[in-house]
Every structure is written in C-alpha cells, then in structure tokens.
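# Fold and geometry: a report
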Amino acid sequence: MVVHGSGGGGDRDRDRSSPGGSGAPQVDTGKYVRYTPEQVDALERVYSECPKPSSLRRQQLIRECPILSNIEPKQIKVWFQNRRCREKQRKEASRLQTVNRKLSAMNKLLMEENDRLQKQVSRLVYENGYMRTHLNNPSVATTDTSCESVVTSGQHQQQQQNAVVPRPQRDANNPAGLLAIAEETLAEFLSKATGTAVDWVQMVGMKPGPDSIGIIAVSHNCSGVAARACGLVSLEPTKVAEILKDRPSWYRDCRCVDVLQIIPTGNGGTIELIYMQTYAPTTLAAPRDFWILRYTSGLEDGSLVICERSLTQATGGPSGPNTPNFVRAEVLPSGYLIRPCEGGGSMIHIVDHVDLDAWSVPEVLRPLYESPKILAQKMTIAALRHIRQIAHESSGEMPYGGGRQPAVLRTFSQRLSRGFNDAVNGFLDDGWSLMSSDGAEDVTIAINSSPNKLAGSHVNPSQMFTAIGGGVLCAKASMLLQNVPPALLVRFLREHRSEWADPGVDAYSAAALRASPYAVPGLRASGFMGSQVILPLAHTLEHEEFLEVIRLEGHSLCHDEVVLSRDMYLLQLCSGVDENAAGACAQLVFAPIDESFADDAPLLPSGFRVIPLDAKTDAPSATRTLDLASTLEVGPGGTRAPSDTSSTSNTRSVLTIAFQFSYENHLRESVAAMARQYVRTVVASVQRVAMAIAPSRPGGQLEMKNPPGSPEAHTLARWIGRSYRFHTGAELLCTESQSADASLKALWQHSDSIMCCSLKAAPVFTFANQAGLDMLETTLIALQDISLEKILDDDGRKALCSEFPKIMQQGFAYLPGGVCVSSMGRPVSYEQAVAWKGWGAD
C-alpha cells in the first residue's frame, strides 16, 4: 500500500506485520508499511469505538499509545481508510453471498414449478387430443369406452377422486388406524404441493422474484377452494414449523385451536387431533368449526412436513365435538412442506384446501366462501408474510416503533383484530347476549356483562370498569356496497375521520379509561372536532398493514357546564389499502388509549371491515340490494348513472361496522340508544362517502364527479371573482361564458389553491376549490373544522400578521412562499400567496 496515497483502500493482505513484538512499522523498499500485532490491536480497539476518527483524535491516539509514537499521522489516516474499505467489502461480500443463496434457492423453486407445469401441459394436451378424437368420430364416442376410466376432464377426475368410499369408524385409541389416514393425507398433500393434483393458476400481481413474497397460485375447477404458496425465508425448518402450528398468531380469523390428543408414531412423527373455530367475517354469516387430524413427520431428504385434513364419515376416525351455532366446515388434504436450504434458511410450500359449506349462507355472500383469492389472502399469503416478518425481526434490522419491541407491537395488532372479531361475532360463551330491538332491524345491539370471559383478553375489567358495575355494549351492522373499491373506502375513512366520527362519542369512549368516567347519553351537537394527526408506530414488511396512534387535537366539549379540552388518542390498525391486492380484505380498527399507553393497556376495539365479493363472469348483472347499493346506482340528478365498463364496475363488497362502548349499569339503556343512533349516523355517512368516491384511477386519488352546484356555490364563485378583480385589477376566473355554472366550474378546477376564510376571532375556512382541498388533504365538510392558524407555520403566521393592516387598508397583499400543514399533519410548500378582502366596492 502506498503510504502517501490519499484514496481509500482496505487494511489489505499487502499490509504485512513484522515478526517483531514492538517498534515502528517497517518499510519495505518504500512501498509497503508493516504493522506489528500490538499496533494492529491498538488500532482495532480504536476502530471499534470510532471507525472514522478526526485529525485531533488520531494525534491523541499517537500520544496515548507509545507503540504508535513512531507512526506518522498520515499513515494512521491511511490505515483507517483501509480498514473502513475492508469492512465495506466484507459487508458487500456477505450481502452478495446472501443474494446468491436466495437466487439459487429461487432458481431451484422455479425449476420445480416449471417441471410441474410441463407435466400439467402434457396431461392437458393428451386430454385435448382425446376429446378431439371423440368429437371428430362420434362412433368412437358411443362404442369405445375403454379410456373413460383413464382420461377424463379435470373437473370430472377431481369428482371421482373425492368420491371416497366411506371407511369403517377408526378408534382414536388405535394409532395404526389414524396413521393410515395420516399417510394418505401426506400423499395427497404432496401431490398438490409439488404435483398436478390441482389445476393451479398464478394470482394476478404475484410474480416470483428474489424480493417477492413467493409464487402464489389459486385453484381452478376443483372441489372446494384452494390456494398454494412457495417462498423462501431465513429461518430454520423447526422454527418455521413452530410458527405455522401457532395458527392464531397469524390467521386473524382463527378464534381457537384446541389440541385434544397427541399420539406419537413409530416413524418419529406425531398425530394430533385438533378442534378449531374460526370467526365469521360479517354479521350476516355464521362462524365455522373444524375437526382435524394433523400429522407431522420428516422425509428422507431432510424436509419437514405438516399435513392435515378433516376427519369425516368418509375418511373414518373418531368424531369431534359439536358446538351450537357453528357450521362444520372441512379441511381437505392441506399442509406445509418445509425444506432446508444450503447455507441456512428454508424453502416453504403451503397448500390450503377447504370446503367452507358455502350453501349455508345467503347467495349474495357465497363468494366469501367460494373465492380462492380470499382464501389465499386470509390464510396462505398471511402465513408466508408472518414467517417473513418474524425472520426480518430476528435479523435485528427492524427499528423499534415508539421504543417498543416488534413482538409487543405485533401483540397490539393481534389484540385489536381479535377484539373486533369478538365484537362482530358476539359468542354466547364469551358472555354476549342480544338486547331487544327498537323495531328496526338495521342495527344489532349486544351486551356483555362479563367481559372477563372474552377469549382475546383484550379487555382488562379492573381498569375498564368502575366498582359500581358495568359491561361492554356493541352496536353492529352489515350492508352491501356496489362499485366502491374496499381499499379506497377504508383509506378515506382513515384519513378523513371528521367525515363520519362524532367528537362526543369519542370523548365518551376516552372517558371510560379514566377513574371517573362521565356519561354521554346522546350525540352532542356542541362538540368540535379538531384535526387528527397520524403517528406511525409500526408496519409490516410489505406495508400491507399499519399500526399507528391517532391524536385527536383540539377537542372542546361541554359536560355539566365544564369545558373539557384535551387531546385524545386512539390505537389504530389499518390493513388492505392496496387496491391491486386481489381478494384482500380492507379493515380499519381502532381503540381509545390514554397517554401512558402501557403494554397491557385495555383495548375496546371498534371499526370497519370491507370484503370484496368476486362476481362470476357468467352471472347476470347484480340486482340492487339494500339501500346503499340502490343509492349508488342513481346519479346526483336522480337518474340512473351510466354504465361503466371499467374494472371497478359491477363490483360488490360487504361492509361490516361494529362499535363497542363500556357502560355503567344504571346508564345501560341510555348508552344503547346512543350507540344505536350513532351507528345509524355512521352508516349514513359511509353511504354519502361511498357516493362521493369515484372509481379508482392511477394514483388512487379521490375525486368529486362534479363541483357543488347549489345556488349558494354559484353566488360564492361570482363573489370571489369580482372581489379579486376589484382589488387587484386582474381576472381570477377566465371563462368564455358568463353563466354561473361556468364561473363555478372555473373556480373549482382552478390550478391554484383558492380558499375562503371567515374573519372571526379564530378564522376558519368556509370553502376551498379542488386544489385547495388536495393541498389540505381534506373535504368540503371537514374543511369547516380547520382554522387558518392551524395550517400556517410560525413564519406564515408572522407574515400574515405583518401584512394584515395592508390587507384591510388596500384590500389585498402578496405573501411570501412558505410551508403550511395539511389536516393529516404533513407539510406542504407553496411558492406565493395572495390574500384579499372578499367584498367589492358595493
């Protein structure tokens, strides 16, 4: 290494240490510097503390270490440059090795998938030729039946495979009988995971690659619904198996998994008899339960297999428990194939194949149970994502959100989701019971006077309720939506809470966390909704789920002639906001928390869930159902909206709303009335929002189909244009026509942000055009809750105050560019602002 070089270079092999024990570095013909081991150790200790020491620190090092006293500062500088370069090369080499291992494993996975597809193509070509022969030669079709048992269509073949002759009952105490069922299950599962037993079709948007989640496919023309995933994770097979067996930790619809019996097998595996319950996704359907045999075993190549299937009369085996109000569903041979990868990590094959008894639900909801895309999103992809998330957290590369470990934040997400599911389902064994209705069937009220029974343990009764007694009340409703993208609706509800939330109800929910809660028996018109600030807390690896804290600012509520002014906080879980994720459920769940936000804080979740309903292409156009779907088919003028041939037309989804409130016994009826009315108000708000949301466009933005066209809006447009022309002498709204509609359209579509503000003690906005609403990230309705002072920063407020006398005197003033804050708390820059008085000479 050249001693006088100013460039980098590692402490490379050319930096040879002399065999001597001490002394200055030796120079070899003026080209190399050799350091002794003691000198290298001293420099390494400093490097571990400070990889890039300053000039003063290097001089101090030479003074403090006698063995370095004969080394020039410039040589020390070059050594640290070399050392940093070597460290960088080492990290890059390690990264490239990891990428190479990943690509090699992915290549192997793709080759296996290609081989499977080749076999499937060969089978289809053979079947196609057979069918052509019969079609071209009818006599063969009527006389030659020798091949019927060999070559059949995929669907008929699957039906034959499923037509299993019932076997005699097999005792659970007979391991040999259960082992026979387990081995059959293993063979069928492997034929689905790596063979052609099911016709797999790759999901849209799920392309394989080194950074993708894996290869995702769904079933086509098979009994029940099935989904398959293949992916790579950096965890060992035993750890992967442990995570997958803990189904409630990653399958949000799983209520409980009870292992009733464990039987070891002679080959070193285990057989487990499991009873599992799953939540219903909406109030319009019943929950499911399963009676399952799970078999865990190892293969000769070192792979680990976990396969399972339901025990039925057809398969034989013992009978499982029966629980009232649950619909028995069936798990067809499914499971996990976990292969170890060279250099560490695992290659995972996941197959989920179920029959959810879709005929037991109303016809309009059957797509929830017949869609393989929904199954893939809820189970198959969720399992693979969870494993990848755990692997990423184990690597130590994930920063802690709010100073909390990822496992703690993940627990909060599970508690929110589980609490919302408990509220939607209202199981009797959790203590829920229905209250009498007020005559209308649109909103269901359930109460739970024993919240300590809740299986999710998301409620801590000692903290949530006072000593005088009380419980939890849930108001819930479900409806069908048409032509409303679920992701877009949930994103709007998340970002524009003031469109549907009532500040009085929020205050009541927050007060339940304090020692002396007060009652809000009705909706309060005196409440003032301040702005909301979203504080990110955590997100999953692929950003499909967000955990965040919502700070509701500026609440000012009157209670018993006492003004309460304090910020309120919500813990919120938002998921499924990617419009390109086929079959994904969009969900917004939140619960009030206090400022301390302890790890064991009680949570009482409420929220929204929107699940898409896949329309069958061969089905007739959907008829209007429920009030909201009927309303959405009518345009603003009362006439039927024109048909839309885009991908979002004729799409339906089911929306479920559930809001939970704590109550004291003597106020139960008042809280129930308030909750019922509140949910009806929220439903009406969602209907209004749904009609205002246009079909999704690139960028996923919201748009209003037309500007507000009331007479007041026309007057306002003329008023703004005339006052600007009077004070500045320039035209603001350039239109060819002088009609009121033309002026309003020009104002609404103006490229600059135009906002009207009332001149009061605390100026608030009364109107903004589309560009202004986009800048403030709000809507016309929520705009009235935003004050001018809240959006301006300190410099902007100072500039406005200094120019205010000029505005009042000459009618207008130019303000310098700056930064304002949107309703979401995000900064927005502007180049210049013009402020003018909103009245003319008259």
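Residues numbered from 1 in each chain as written. Predicted model: local features only at pLDDT ≥ 70, side-chain atom pairs only at ≥ 80, totals over all residues. Heavy atoms only, no water.

In the nomenclature of an unreviewed UniProt entry, the chain is known as Homeobox-leucine zipper protein HOX32 of Triticum urartu. A UniProt comment under Subcellular location (unreviewed entry) is attached to the chain, and it reads "Nucleus". (UniProt positions renumbered as here; feature names shortened; annotations may be inferred.)

In this section: the packing of helix H9 (residues 372-394) against helix H10 (residues 406-425). The N-to-C vectors of H9 and H10 enclose an angle of 150°; their axes lie 11 Å apart at closest approach. In terms of axis orientation, H9 runs roughly antiparallel to H10. Along the contact surface, H9 presents His386, Ile390 and Glu393, while H10 presents Pro406, Ala407 and Arg410. A per-class count over the contact of H9 with H10 returns 3 nonpolar, 1 polar and 2 charged. (Axes fitted to C-alpha atoms, helices over the stretch in contact; angles between N-to-C directions. Helix = DSSP H or I, 4+ residues; strand = E, 2+ residues; numbered from the N terminus. Parallel < 35°, antiparallel > 145°, perpendicular 65-115°, else oblique. Contact = heavy atoms within 4.5 Å. Nonpolar A, V, L, I, M, F, W, Y, C, P; charged D, E, K, R; others polar.)

Moving on, we get to the nonpolar core. Among the nonpolar cores identified, the biggest contains 51 residues, and Leu473, Leu489, Trp500, Phe608, Phe659 and Phe661 are the most heavily contacted of them. When residues in this core are grouped by element, the largest group, 11 residues, is from helix H15 (residues 668-692). Met203, Phe290, Ile338 and Leu613 belong to the second largest nonpolar core, which has 49 residues in total. (Core = buried A, V, L, I, M, F, W, Y, C linked by side-chain atoms within 4.5 Å. Buried < 20%, exposed > 50% of the residue type's maximum accessible area, 1.4 Å probe, protein only.)

With respect to the helices and strands, Asp253 occurs in the loop between helix H7 (237-245) and strand E6 (254-264). Leaving out residues up to four positions away in the same chain, Asp253 has contacts with Gln277, Thr278, Tyr279, Lys378 and Asn421.

In this section: the pattern of salt bridges. Applying the stated criterion across every chain, the model contains 24 salt bridges. Its salt-bridge partner being Asp506, residue Arg497 comes within 2.9 Å of it at the nearest N-O pair. Classification of Asp506 by relative accessible area gives buried; the value is 9%. Linking Asp567 and Arg551 is a salt bridge whose minimum nitrogen-to-oxygen distance equals 4.0 Å. (Salt bridge = Lys/Arg side-chain N within 4 Å of Asp/Glu carboxyl O.)

So, on to unusual backbone geometry. A positive phi is found at Asn221, a non-glycine position, where the angle reads about 55°. Among the secondary structure elements, Asn221 is positioned in the loop between strand E4 (215-219) and strand E5 (225-233). Assessed through its relative accessible area of 47%, Asn221 is described here as partly exposed. You will see that His543, though not glycine, has its phi angle at about 60°, which is positive. On the secondary structure map, His543 appears in the loop between strand E17 (532-539) and strand E18 (545-552).

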